[in-house]
Amino acid sequence: MSEAVHPVPEDFQAKIGPDELARMREEVEADPHRFWLEQAKRLDWYEFPTQAGDWSFDEDDFHINWYADGRLNLSVNCLDRHLAKDGERTALIFEPDEPGEGRRWTYRELYEETCRFANLLKSRGIRRGDRVMIYMPMIPEAAAAMLACARIGAIHSVVFGGFSPESLHGRIVDCDACAVITADEGVRGGKPIPLKRNVDTALERRDVATVIVVTRTGADIPMKAGRDISYSAVREELATECEPEAMGAEDPLFILYTSGSTGQPKGVVHTTGGYAVWAATTFEWVFDYRREDIFWCTADIGWITGHSYVVYGPLACGATSVMFDGVPNYPDFGRFWETVDRLGVTIFYTAPTAIRALMREGDDPVKAYSRKSIRLLGSVGEPINPEAWEWYWRVVGDGRCPVVDTWWQTENGGILISPFPGATPMKPGSATKPLPGIRPVLVDPEQKILEGAASGNLCLASAWPGLMRTVWGDHERFFQTYFSTYTGLYFTGDGCRRDEDGYYWITGRVDDVINVSGHRIGTAEVESSLVSHPKVAEAAVVAYPHEIKGQAIYAFVTLNAGEEGDDALRKELNQEVRKDIGALAAPEKIHFTPALPKTRSGKIMRRILRKIAEGETGNLGDTSTLADPGVVDALVAGRQ
Ligand code: WTA
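Cut-offs used in this document
Residues numbered from 1 in each chain as written. Predicted model: local features only at pLDDT ≥ 70, side-chain atom pairs only at ≥ 80, totals over all residues. Heavy atoms only, no water. Helix = DSSP H or I, 4+ residues; strand = E, 2+ residues; numbered from the N terminus. Rg over C-alpha atoms; globule rule 2.2 N^0.38 Å. Buried < 20%, exposed > 50% of the residue type's maximum accessible area, 1.4 Å probe, protein only. Contact = heavy atoms within 4.5 Å. Lys, Arg positive; Asp, Glu negative; His and termini not counted. Charge placed at Lys NZ, Arg CZ, Asp CG, Glu CD. Pairing = 2+ DSSP bridges. Right-handed = clockwise from strand over helix to strand, strands pointing away. Near = heavy atom within 4 Å. Polar contact = N/O pair within 3.5 Å; in protein donor to acceptor, adjacent residues only side chain to side chain. Areas by Shrake-Rupley, 256 points an atom, 1.4 Å probe, with all protein chains shown as cover. Nonpolar A, V, L, I, M, F, W, Y, C, P; charged D, E, K, R; others polar. Axes fitted to C-alpha atoms, helices over the stretch in contact; angles between N-to-C directions. Parallel < 35°, antiparallel > 145°, perpendicular 65-115°, else oblique. Left-handed = near helix turned anticlockwise from the far one by under 90°. UniProt positions renumbered as here; feature names shortened; annotations may be inferred. Phe/Tyr/Trp six-rings, centres within 6.5 Å; stacked < 30°, edge-to-face > 60°. Lys NZ or Arg CZ within 6 Å of the ring centre and 35° of its normal. Patch = residues over 30% accessible without salt bridge, like charges linked within 9 Å, V, L, I, M, F, W, Y side chains within 5 Å. Salt bridge = Lys/Arg side-chain N within 4 Å of Asp/Glu carboxyl O.

**Considerations on the overall build of the chain**
And then number 1: Looking only at helices and strands, the chain features 19 helices and 31 strands.
And then number 2: Scaling as 2.2 N^0.38, a compact globule of 640 residues should have a C-alpha radius of gyration of about 26 Å, and the chain matches this with 24 Å.
And then number 3: Judged by the C-alpha coordinates and their principal axes, the chain covers about 75 × 60 × 60 Å.
And then number 4: Sorting the 640 residues of the chain into buried and exposed places 60% on the buried side.
And then number 5: In the chain, the share of contacts with a sequence separation of at least 24, taken over all contacts with a separation of at least 6, comes to 72%.
And then number 6: For the chain, the distance from the average site of its 69 positive side-chain charges to the average site of its 93 negative ones is 2 Å.

Here it is, written out as structure tokens:
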């Protein structure tokens, strides 16, 4: 790994420099209660909390609360409080698939649209605590829909538009949703995405009372009487004011489904006060936010990054946030930089997979644009390899913009490990150091906490405001998944190395979660989809390194007696996974094998499968515990 150190660029003037950062670290150590209450002052509260954190990770006394006696409304924080001074300021810049066809919404427009949506939801009987699914393209109405839920106290659950109807169905059932907000179609890379049609399919076996359809392309779509409402048809009649609900800080704000190592995706629950404080605080700290900034986070709102750094963090701070509904290579590989120049983007935040895909096209598409407005670059979602980091820094940032490699998870609400751009020397490939108040620890399999330079499993020893509060409908699973592996610690599922300078180097998941292009896929979900095919007897899915995607999916499949594995069946299985989960989970490689390597007790030896998928066949490690060592030779010979 590269150990190059890049100091903070000399002329990067940040609000928080090394001295200020050191002071913050001391303050949070000395008096966390006071420090965290201080951070809560970023928001407007109906009742300011008297308590900050109240939590215990111990099984006997397991609880997590933040700002519990505070009351607030997050849509008020993102909208109303900016109106007097900044009503005409741009809140959202919508940058659609087709460059140049965008529009801007001021804070007042976003406020009015949010109130309209909120009134529509209320007119359909939707109340505080009800669950509302959002399955939409990256259009400003999607942000308004989220904020409308927050305004009336309904709990939103955004589902990425790339997930299949079957996935949407599963989530609707799990959280017992009463409404879906969608669009007629999406458009990405010039191709339509049939969102409303997918919703109809998802609702075949479990209907909801209300479907609100926003017009995006104007496609001709069927509407079900009594259930489906065209937003554009009713919009004019909806009032542009809506009284916000005063929410308790611990009232749920949203559910976001994410894959874990076992079973179906979990509904990660974030509550109002702590999440809002964390999104706003980290936005200001990590991105050195200033009023003049044009902030562009390329993530979709279907992921946590879109929640925290397209919508809630920037808007709570009164920033101008870009909502991008396109892809990095459409109409060509210069898209990001053409857009940066045209919009005057100052802070640009994207995923390593996009950086690697662009790097492969060479420097010319980047150099064709000036990018002079950019002052800060960010990375999120997966480990960034030092080569990609260096290219991002040198070519995209011309060696003058700090790169913040931000490590965090859906469960965390916001960034946990990252440089402060004006205070932390950077090492390419390392997310550097924890933010103030975040206490990472490395643990070995025997529960021993490792000190100094070491490698181990990454845990967090104390809570922070943005930590998730429960798994929707299954509090026991919450404890079991995150707090039972290491006593008294939150276990992240990531492996990590800490170097002599106290820098953290995330090495990737150590559980059965695969990170494909920054998207979390559970191997168990893909396996259960594969075995649902009538010809399949058994399946085991592992990750292998992929040049662009970071990791890709390699599936080992055994067939029922008499079945033949060929390309036609590969295609069918691929279709099956697309149908059950979505295109993002489709295996890159499918390897038909007469048998899987198992221990004598029948456990699949994934370690060996991983090695084969990675092509490390000369180094399979100990195979003596295999029930039938002959299986391995056949597997090696049949590698895809
Ligand atoms: C990985 C995305 C290395 C990690 C915000 C984590 C990273 C998982 C980084 C969470 C990073 C995210 N460096 N690895 N900067 N950021 N990861 O829930 O494995 O979609 O556990 O949240 O992505 O993915 P999630």
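**Focus: the pairing of strand β30 (residues 550-559)**
And then number 1: For β30, the tally of buried residues reaches eight of 10 residues, placing the bulk of the element in the interior.
And then number 2: Where strand β29 (residues 536-546) hands over to β30, the hairpin turn is made up of three residues, counted between the paired strands.
And then number 3: Direction of pairing for β30 relative to strand β31 (residues 589-592): parallel, over a ladder of four bridges. Bridge pairing in β31 links Y554 to K589.
And then number 4: Each parallel crossover has a hand, and the one from β30 via helix α17 (residues 567-580) to β31 is right-handed.

**Some words on the site of the ligand**
And then number 1: Taken together, 17 residues are adjacent to the ligand, and D405, T406, T410, D494 and R520 come closest.
And then number 2: Between the ligand and T406 there is a distance of 2.7 Å, counted from a nitrogen atom to a backbone nitrogen or oxygen.
And then number 3: Contact between the ligand and R509: an oxygen atom at 2.9 Å from a side-chain N or O atom of the residue.
And then number 4: Contact with the protein chains hides 96% of the accessible area of the ligand, taken as 530 Å² for the molecule alone.
And then number 5: Per-class residue counts for the shell around the ligand are six nonpolar, six polar and five charged.

**Focus on the pairing of strand β26 (residues 504-509)**
The side chains of a regular strand alternate between both faces of the sheet.
And then number 1: Across five bridges, the pairing between strand β25 (residues 490-498) and β26 is antiparallel. Note that in β26 the partner of R497 across the bridge is W505.
And then number 2: The antiparallel hairpin formed by β25 and β26 contains five residues in its connecting segment, where G502 sits at a positive phi of about 80 degrees.

**Thoughts on the sheet that holds strand β17 (residues 320-324)**
And then number 1: Here we have seven strands laid out as an open sheet, ordered β5-β4-β17-β16-β18-β19-β20, and mixed in their pairing. Strands at the two margins of the open sheet, each flanked by one partner only, are β5 (103-106) and β20 (403-406). Strand after strand, the sheet turns through a mean of 20 degrees between neighbouring axes, direction not considered.
And then number 2: Pairing of strand β19 (residues 376-380) with β20, which is carried by four bridges, proceeds in the parallel orientation. The residue bridging G378 from the neighbouring strand is V404, located in β20.

**Thoughts on the packing of helix α5 (residues 140-152) against helix α10 (residues 304-316)**
And then number 1: Close contact between α5 and α10 brings their axes to 11 Å; oriented N to C, the two are set at 60 degrees. Relative to α10, the element α5 is oriented oblique. Seen along the crossing, α5 lies across α10 with a hand that is right-handed. Of α10, the residues touching α5 (which contributes A143, M146, L147 and A150) are H307, V311, Y312 and L315.
And then number 2: In terms of residue class, the contact of α5 with α10 is made up of seven nonpolar, one polar and no charged.

**A short note on the UniProt feature "domain: AMP-binding enzyme C-terminal" (unreviewed entry) in the chain**
And then number 1: Sites flagged by UniProt as "domain: AMP-binding enzyme C-terminal" (unreviewed entry) map to residues 525-603.
And then number 2: For residues 525-603, the helix share is 27%, the strand share is 32%, and the end-to-end C-alpha distance is 18 Å.

**With respect to the side chain of S164**
And then number 1: Positionally, S164 belongs in the loop between β7 (155-158) and α6 (165-175).
And then number 2: On the basis of relative accessible area, S164 is assigned to the buried category, the value being 5%.
And then number 3: In this structure the side chain of S164 is engaged in a polar contact, spanning 3.3 Å, whose partner is the backbone oxygen of D580.
And then number 4: Filtering out sequence-adjacent residues up to four positions away, S164 remains in contact with R578, K579, D580, I581 and G582.

**Things to note about the UniProt feature "domain: Acetyl-coenzyme A synthetase N-terminal" (unreviewed entry) in the chain**
And then number 1: Taking the UniProt record as the reference, the feature "domain: Acetyl-coenzyme A synthetase N-terminal" (unreviewed entry) is found at residues 23-78.
And then number 2: In residues 23-78, the share of helix is 39% and the share of strand is 18%. The end C-alpha atoms are 29 Å apart.

**Observations regarding the sheet that holds strand β21 (residues 440-443)**
And then number 1: The strand order across the open sheet formed by five strands is β22-β21-β23-β25-β26, and the pairing between neighbours is antiparallel. The open sheet has two edge strands with one neighbour each: β22 (449-450) and β26.

**Some thoughts on the packing of aromatic side chains**
And then number 1: Tallying each qualifying case throughout the model produces 45 aromatic pairs.
And then number 2: Each ring, one from F287 and one from F295, has its centre 4.9 Å from the other, and the planes form 65 degrees; the classification is edge-to-face. Side by side, F287 and F295 carry an identical accessibility label, which is buried.
And then number 3: Put simply, the rings of F35, W36, W45, F48, W66, Y67, W278, W285 and F420 touch in pairs and so form one group of aromatic residues.
And then number 4: Here R171 stacks its cationic end above the ring of F163, 4.5 Å away from the centre of that ring.
And then number 5: Over the ring of Y503 we find K427, and its NZ or CZ is 4.6 Å from the ring centre.

**Points about the environment of F62**
And then number 1: For F62, the location among the structural elements is in the loop between β1 (53-56) and β2 (63-66).
And then number 2: On a C-alpha basis, the gap between F62 and G488 in space is 9.4 Å, while along the polypeptide they are 426 residues apart.
And then number 3: Setting aside residues up to four positions removed in sequence, F62 forms contacts with S56, F57, H475, F478, F479 and F483.

**So, a negative patch on the surface**
And then number 1: A surface patch of like charges, here negative, comprises D54, D58, E59, D60, D61, D174, D474 and E476.
And then number 2: Checked against the element boundaries, D58 lands in the loop between β1 and β2.
And then number 3: Using a relative accessible area of 41% as the deciding quantity, one classes D58 as partly exposed.

**Re the pattern of salt bridges**
And then number 1: Tallied over the full model, the rule gives 47 salt bridges.
And then number 2: Among the salt bridges present, the one from D80 reaches R151, with a minimum N-O distance of 2.8 Å. With a gap of 71 residues between them, D80 in helix α3 (residues 74-86) and R151 in helix α5 connect regions that are remote in the sequence.
And then number 3: Overall, D80 belongs to the partly exposed group, its relative accessible area being 23%.
And then number 4: With its nearest N and O atoms 2.7 Å apart, the salt bridge here joins K549 to E588. You can see K549 sitting in the loop between β29 and β30 and its partner E588 sitting in the loop between α17 and β31, a full 39 residues away along the chain.
And then number 5: For E588, a relative accessible area of 37% puts it in the partly exposed group.

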